[in-house]
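Observations on the model geometry
Residues per chain, in single letters:
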Amino acid sequence: MESPALVIRPAAVHDVPMIEALVEPLALQGVLLAKDRVVYYESVQEFLIAERTTATGTEVVGCGALHVMWRDIAEIRTLVTSPSARGTGVGHRLVQELLERARTIGVKQVFCLTFEVDFFRRQGFRVLEKQSQLIDPEVFMELLRSHDEGVAEFLDLARVKPNTLGNTRMLRDL
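Residues numbered from 1 in each chain as written. Predicted model: local features only at pLDDT ≥ 70, side-chain atom pairs only at ≥ 80, totals over all residues. Heavy atoms only, no water.

**Quick look at the confidence of the model for the protein chain**
Our working rule: Confidence scores labelled pLDDT are given residue by residue by the predictor and lie between 0 and 100. Every helix listed is a DSSP run of H or I at least four residues long, and every strand listed is a run of E at least two residues long, numbered separately from the N terminus.
The predicted model of the protein chain averages 85 in pLDDT, with 78% of residues at 70 or higher. When pLDDT is averaged over each element of the protein chain, helix 3 (residues 90–105) comes out on top at 98 and helix 6 (residues 149–155) at the bottom at 65.

**Some thoughts on unusual backbone geometry**
What counts is decided by this rule: Each residue's exposure class comes from its accessible area (1.4 Å probe, protein chains only) as a fraction of the maximum for that residue type: buried when under 20%, exposed when over 50%, partly exposed otherwise.
With phi around 50°, T78 is a residue other than glycine that occupies positive phi space. A relative accessible area of 9% places T78 in the buried class.

**So, the environment of F119**
Here is the rule: In what follows, residue pairs with any heavy atoms lying within 4.5 Å of each other are defined as contacts.
Mapping F119 onto the fold places it in helix 4 (residues 117–122). A sequence separation of 27 residues divides F119 from H92, and the C-alpha atoms of the two residues are 8.4 Å apart. Sequence-distant contacts of F119, defined by excluding residues within four places in its chain, comprise L79, G91, H92 and V95.

**Considering helix 3**
Heads up, the rule is: Working rule for helices: expected span equals 1.5 Å times residues minus one.
Here helix 3 spans 23 Å end to end across 16 residues, near enough to the 22 Å set by a 1.5 Å rise per residue. Within the span of helix 3, buried status applies to V90, G91, R93, L94, V95, L98, L99 and A102. Backbone geometry just downstream of helix 3 places G106 in the positive-phi region, at approximately 95°.

**Quick notes on the nonpolar core**
In summary, soluble globular proteins display a tendency toward joint burial of nonpolar side chains. Using the following cut-off: In this text, buried Ala, Val, Leu, Ile, Met, Phe, Trp, Tyr and Cys residues form a nonpolar core when linked through side-chain atoms within 4.5 Å.
I76, V110 and F125 are the most contacted members of the largest nonpolar core, which has 23 residues in total. Those elements that provide at least two residues to this core are strand 1 (6–10), strand 2 (47–54), strand 3 (57–70), strand 4 (73–81), helix 3, strand 5 (109–114) and helix 4. Ranked by residues supplied to this core, first place goes to helix 3 with six residues. If we ignore the near neighbours within four places in the chain, the residues touching V110 are L66, A74, I76, L99, A102, F125, M170, L171, R172 and L174. Formed by 15 residues, the second largest nonpolar core is a distinct cluster that contains Y40, F47, C63 and A65.

Rendered as structure tokens:
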């Protein structure tokens, strides 16, 4: 059951240490890729923060980012909830807000790399067997120019295979 005091808001630069703190334990477990702090600052505008009101103030209990990859496709990345918030609807709310952001900016499909296949299935995502069927060859060539590791993962490029966590590629049409 979702907390009525939950607020989803755009991230601000002062949230970066909390984003790092949420990601760190999962990065140590090999569930998420660790990123340098500068990467979080460079992409802070992509993030949403889930904040819950407590008796002592507000507590950041989750985050997630929407990264546009090309005209029609974006990626949900760095979706994390605190251990205390798991199973309370925080992840669902974050995904719904990120999907709404994608719709607002005109994205037609949203991609994710995840170990949480069942969770993302419940959010309307499907396992992507071959992204080569998804991407026009001309767009594929344009995406090859990206320096973003997430784009390289999406394209399933050989150079990122040693860094692949073994997670599942999933896609949702909007």
